[in-house]
Amino acid sequence: MEGKKRKSRLIGQIKNKFSKNIYYRFTAFGVLLSLIPLLSTVGIMKVSTVSLFAYIIIFTIVAMGLNILIGYSGLISLGTAGFVGFGAYGVVYFYGHGIPYEFAALITLLIAALIGIFIGLFSLKVDGVYLAIATLAVGEIFSQVFKKVTWFTNAYGGVHFKFPKLFGVLQLQKSTMFIFLVVMMVLFMFIMYNIVHSRTGRALMAMSRSDSSAQAMGVSVPRYRLIAFIIATLFATTGGILYASFFRYVQPLDWNLMLTLLVLAMVVVGGVKSIIGTFLGVFVIYGVPTLWLEDLFAGTEGIAYIFSGVLIIIVVMFYPNGAVNVFQDFKKLYKKYKNGELKIKVKKGQKANE
Amino acid sequence: MKVFITLLFRSLETGSVYALAALGVVLIYRTSRAFNFAQGAIGTLNAFVAATLLMSWGWSIWVTVPIAMVTAILTGFVIDAFFIRPAARVGHEGKQIITLGLIIVILGITPILFGVEPIPMPRFIEFSTLTQVEFMGASIGYNALFTIAISIALMASAFWFLKFTSWGLAIRATASNEMASKLMGVPTKNVTMMSWATAAAFGTLAAIIVAPQSAVDINMMNDVQMSAFFACVLGGFQSFYGPVIGAYLIALSRNLTNFYITSTWSTVIVYVVILIFLFFKPVGLVGKKTIKKV
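Described in the following lines is the structure provided in the data block. (Residues numbered from 1 in each chain as written. Chains lettered and ligands numbered in written order. Predicted model: local features only at pLDDT ≥ 70, side-chain atom pairs only at ≥ 80, totals over all residues. Heavy atoms only, no water.)

**A few points about the overall build of chain B**
Next, step 1: What chain B contains, in helices and strands, is 11 helices and 2 strands.
Next, step 2: What you see in chain B, going N to C, is helices and strands ordered as α-α-α-α-β-β-α-α-α-α-α-α-α.
Next, step 3: What you see for chain B is a C-alpha radius of gyration of 19 Å, in line with the 19 Å of a compact globule of 294 residues.
Next, step 4: The principal-axis extents of the C-alpha atoms in chain B amount to approximately 60 × 50 × 35 Å.
Next, step 5: Nonlocal contacts in chain B, meaning residues at least 24 apart in sequence, comprise 73% of its contacts between residues at least 6 apart.
Next, step 6: If you sum the accessible surface of chain B, you get close to 12900 Å²; carbon and sulfur atoms cover 69% of it.
Next, step 7: Across chain B, the centroid of the 18 positively charged side chains sits 18 Å from that of the 9 negatively charged ones. (Helix = DSSP H or I, 4+ residues; strand = E, 2+ residues; numbered from the N terminus. Rg over C-alpha atoms; globule rule 2.2 N^0.38 Å. Contact = heavy atoms within 4.5 Å. Areas by Shrake-Rupley, 256 points an atom, 1.4 Å probe, with all protein chains shown as cover. Lys, Arg positive; Asp, Glu negative; His and termini not counted. Charge placed at Lys NZ, Arg CZ, Asp CG, Glu CD.)

Have a look at this one:
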């Protein structure tokens with residue numbers, strides 16, 4: 001009896017920690033994800049699944065930056081793909097000139113931040129839809145540069161890279177690189193959580209509701225707009241750096257409007273303002289079509305692609321606040337099921353709604 | 001002078017394409033409050049309809065183009081009825097993501113229906129020594145004149161419709177304030193449906209005009225779509241005629257930089273100029289600054 005009690009108390013404590021401390025949750029999530037290379041070596045998962053999850057992790061970081069921008073500051077950027085591409089090309093270029101990996105990444109981030117400041121300054125004058133299309137122009141300029149500046153991008157030939165050596169000692173392989181990606185994602189989840197729950201996050205939140213009221217409450221709108229754009233560009237550029245490091249090949253045609261729109265879709269589908277929702281959004285858009293739909297419609301080519309579009313539309317229509325609310329719906333259903341009042345309650349609820 | 005006249009007419013031709021697409025974008029933006037990213041995809045789908053009827057079935061271009069316009073209008077109706085109207089409680093960003101989903105669906109269905117091969121598309125009037133006119137030393141094809149004329153006529157009738165008919169008034173009322181006009185008895189649902197149909201038809205015509213320059217394929221409208229968005233910011237989203245002016249300006253400035261400065265960087269130069277212009281005039285050429293309420 002005693003032992004059982006103590007055990008249940010221990011479980012209760014752990015449960016408490018997980019439900020209250022978000023850091024434990026993210027870390028546990030990261031540990032789970034880093035098991036994927038192991039599973040593929042054992043043979044439970046396909047080898048290609050590792051690359052798929054690497055892609056998902058990279059774009060979770062990118063989409064989190066856009067999520068802060070859209071969810072907390074109410075601004076919108078359509079230049080994301082350009083920054084991801086810039087991060088990828090930048091790290092390859094500086095590494096190729098004999099700069100160590102970490103510094104190459106830092107220089108790339110610094111340049112991207114400068115461009116972010118430029119867009120932020122631009123956003124002080126231009127607003128709303130005009131700003132969105134202006135960032136689209138920035139993204140297009142990037143994409144033209146990728147296609148035409150041969151010394152930087154090798155044009156259509158693309159550039160090759162290799163797995164980096166961290167701090168000059170730790171040579172990464174495919175599986176260790178994957179774990180590095182997971183560590184970076186968890187780190188960026190912490191960063192996003194801290195930004196959102198800091199003074200900056202509250203200021204951005206106030207701005208997203210109304211610029212004028214935020215200003216009246218003493219929030220410096222220009223300053224926080226700059227901060228929001230810098231955060232978004234840094235997240236996107238980091239994603240690009242990691243992309244180059246994992247996939248080791250960058251080519252100019254990937255960084256187009258479609259990618260930008262897909263990142264935007266990840267944010268909206270997953271859930272604006274939600275960290276785990278962002279991962280979920282990326283998973284719905286990249287993971288579900290590749291993992292299940294392609295097997296389901298293996299006979300006819302192209303059907304899986306159509307269904308990924310249908311999936312986006314359905315999720316947006318039925319969960320306008322993000323797919324992350326699916327969990328809450330399940331929880332509610334489970335509670336009702338547990339109380340044995342599933343059928344009656346649902347009907348009553350519908351009537352009340354009508 | 002000869003070169004300039006040639007460039008001018010070429011700009012008028014591409015400008016008409018951009019203008020048609022931009023008018024569709026702004027029409028939907030004003031009535032549904034969302035960017036229609038699928039404008040190009042809808043045009044592509046219906047251009048495929050026209051090209052298939054024309055090349056595989058051997059019908060005349062004067063029959064196929066009106067048929068493609070009708071299918072475009074139907075596409076617009078379907079999109080509004082099944083995707084946009086049920087998404088009433090979805091926010092603006094959500095609606096834009098739905099149009100993104102539509103791009104994926106449409107561009108996924110097109111190769112299944114029409115095959116993956118690009119289909120060559122003839123001009124309305126084939127270019128030859130007989131079908132061109134000399135104008136100040138430059139030779140201009142009848143086809144260019146015809147497409148410019150038909151686009152301008154179409155847009156002019158659209159403006160006439162917006163200005164002088166009760167339906168046009170309903171569209172303008174919905175564009176200015178959907179909630180209020182709904183309360184005043186404007187059938188906003190039908191207005192939205194009509195603007196989707198019109199935008200689809202304009203997009204299709206743009207696709208058909210631009211098709212002979214290369215061929216009908218999946219990516220043919222990317223450039224037009226992008227230019228249409230820039231035309232909208234250049235002209236301003238507040239009016240319907242601003243984007244049309246913006247479209248012609250973009251086409252002209254791109255052709256001029258292309259010829260007189262550099263062909264590699266003409267697109268980038270035009271975009272940078274648009275950005276600088278926006279910095280000094282943040283609501284476009286004919287836009288008005290809307291006063292924000294606190």
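**Describing the overall build of chain A**
Next, step 1: When its secondary structure is counted, chain A shows 17 helices and 4 strands.
Next, step 2: What you see for chain A is a C-alpha radius of gyration of 22 Å, in line with the 20 Å of a compact globule of 354 residues.
Next, step 3: Each of the three principal axes of chain A carries a C-alpha extent, and together these read 70 × 60 × 50 Å.
Next, step 4: Looking at chain A as a whole, 50% of its 354 residues qualify as buried.
Next, step 5: Long-range pairs, those at least 24 residues apart, make up 75% of the contacts in chain A with a sequence separation of at least 6.
Next, step 6: Per element, the accessible surface of chain A, about 17500 Å² overall, is 65% carbon and sulfur.
Next, step 7: Each charge sign in chain A was given a centre, from 33 positive and 12 negative side chains, and these centres are 12 Å apart. (Buried < 20%, exposed > 50% of the residue type's maximum accessible area, 1.4 Å probe, protein only.)

**Details of the packing of aromatic side chains**
The way to describe two aromatic rings as a pair is by their centre distance and the angle between their planes.
Residue and element names in this part refer to chain B.
Next, step 1: Here the structure, examined in full by the defined rule, presents 40 aromatic pairs over all chains.
Next, step 2: Each ring, one from Tyr29 and one from Phe237, has its centre 4.7 Å from the other, and the planes form 55°; the classification is tilted. You can see Tyr29 sitting in helix H1 (residues 2–32) and its partner Phe237 sitting in the loop between helix H9 (222–235) and helix H10 (242–260), a full 208 residues away along the chain. Phe237 carries the same exposure label as Tyr29, and that label is buried. (Phe/Tyr/Trp six-rings, centres within 6.5 Å; stacked < 30°, edge-to-face > 60°.)

**Concerning the pattern of salt bridges**
Next, step 1: The full count for this structure, using the stated rule, is 4 salt bridges over all chains.
Next, step 2: Between Arg225(A) and Asp211(A) there is a salt bridge, and its shortest N-O distance comes to 3.3 Å. Taken together, the residues span a long stretch of sequence, with Arg225(A) in helix H12 (residues 221–247) and Asp211(A) in helix H11 (residues 211–216) at a distance of 14 residues.
Next, step 3: Between Asp223(B) and Arg254(B) there is a salt bridge whose closest N-O contact spans 3.2 Å. Residue Asp223(B) is found in helix H9, and its partner Arg254(B) is found in helix H10; the two are separated by 31 residues along the sequence.
Next, step 4: What makes Arg254(B) buried here is its relative accessible area of 11%. (Salt bridge = Lys/Arg side-chain N within 4 Å of Asp/Glu carboxyl O.)

**Here's the deal with a positive patch on the surface**
Residues and elements named next belong to chain A.
Next, step 1: A cluster of basic residues, Lys15, Arg25, Lys331, Lys335 and Lys338, forms a positive patch on the protein surface.
Next, step 2: Counting residues per element, the positive patch draws most heavily on helix H16 (residues 325–338), which supplies 3 residues.
Next, step 3: Tracing the backbone through its elements, the reader meets Lys338 in helix H16.
Next, step 4: Judged by its relative accessible area of 62%, Lys338 falls in the exposed class. (Patch = residues over 30% accessible without salt bridge, like charges linked within 9 Å, V, L, I, M, F, W, Y side chains within 5 Å.)

**Some remarks on the interface of chain A and chain B**
Next, step 1: Counting residues at the interface gives 46 residues for chain A and 46 residues for chain B.
Next, step 2: Of the roughly 4000 Å² buried between chain A and chain B on both sides combined, carbon and sulfur atoms contribute 83%.
Next, step 3: Where chain A packs against chain B, one counts 0 salt bridges.
Next, step 4: At the surface where chain A touches chain B, the tally comes to 5 residue pairs in polar contact (both at pLDDT 80 or more).
Next, step 5: Secondary-structure elements contributing two or more residues to the side of chain A that touches chain B are helix H6 (101–125), helix H7 (128–148), H11, helix H13 (257–270) and helix H15 (303–318) of chain A.
Next, step 6: Of all the elements, H7(A) adds the most residues to the side of chain A that touches chain B, at 13 residues. (Buried area = accessible area lost by both parts, 1.4 Å probe. Polar contact = N/O pair within 3.5 Å; in protein donor to acceptor, adjacent residues only side chain to side chain.)

**A closer look at the packing of helix H4 (residues 47–73) of chain A against H12(A)**
All names here are of chain A.
Next, step 1: The interhelical angle for the contact between H4 and H12, taken along N-to-C directions, is 175°, at an axis separation of 8 Å. Considering their axes alone, H4 and H12 lie roughly antiparallel with respect to each other. Together, Val50, Ser51, Ala54, Tyr55, Ile58, Ile61, Val62, Met64, Gly65, Ile68, Leu69 and Ser73 of H4 and Ala228, Phe229, Ile231, Ala232, Phe235, Ala236, Thr238, Gly239, Leu242, Tyr243, Phe246 and Phe247 of H12 make up the contact between the two elements. (Axes fitted to C-alpha atoms, helices over the stretch in contact; angles between N-to-C directions. Parallel < 35°, antiparallel > 145°, perpendicular 65-115°, else oblique.)

**A short note on helix H2 (residues 39–55) of chain B**
For an α-helix the count is 3.6 residues per turn, leaving residues at separations of three or four pointing the same way.
Next, step 1: The end-to-end C-alpha separation of H2(B) is 24 Å, in line with the 24 Å expected for 17 residues at 1.5 Å each.
Next, step 2: A large share of H2(B) lies buried, amounting to 16 of its 17 residues. (Expected span 1.5 Å × (residues − 1).)

**Observations concerning a nonpolar patch on the surface**
All names here are of chain B.
Next, step 1: Side chains of Met1, Val3, Phe4, Phe135, Met136, Phe259, Tyr260 and Ile261 sit close together on the surface and give an oily, nonpolar patch of about 840 Å² of accessible area.
Next, step 2: Listed by contribution, the elements that provide at least two residues to the nonpolar patch are H1 and H10.
Next, step 3: Within the fold, Val3 resides in helix H1.

**Section: the packing of H6(A) against H12(A)**
Residue and element names in this part refer to chain A.
Next, step 1: Where H6 meets H12, the axes come as close as 8 Å, and the angle between the chain directions of the two elements is 145°. Our pair here, H6 against H12, has a crossing hand that is right-handed.
Next, step 2: When its residues are assigned to classes, the contact of H6 with H12 shows 15 nonpolar, 8 polar and 1 charged. (Left-handed = near helix turned anticlockwise from the far one by under 90°. Nonpolar A, V, L, I, M, F, W, Y, C, P; charged D, E, K, R; others polar.)

Note that all results are geometric; they support no functional claim without further evidence.
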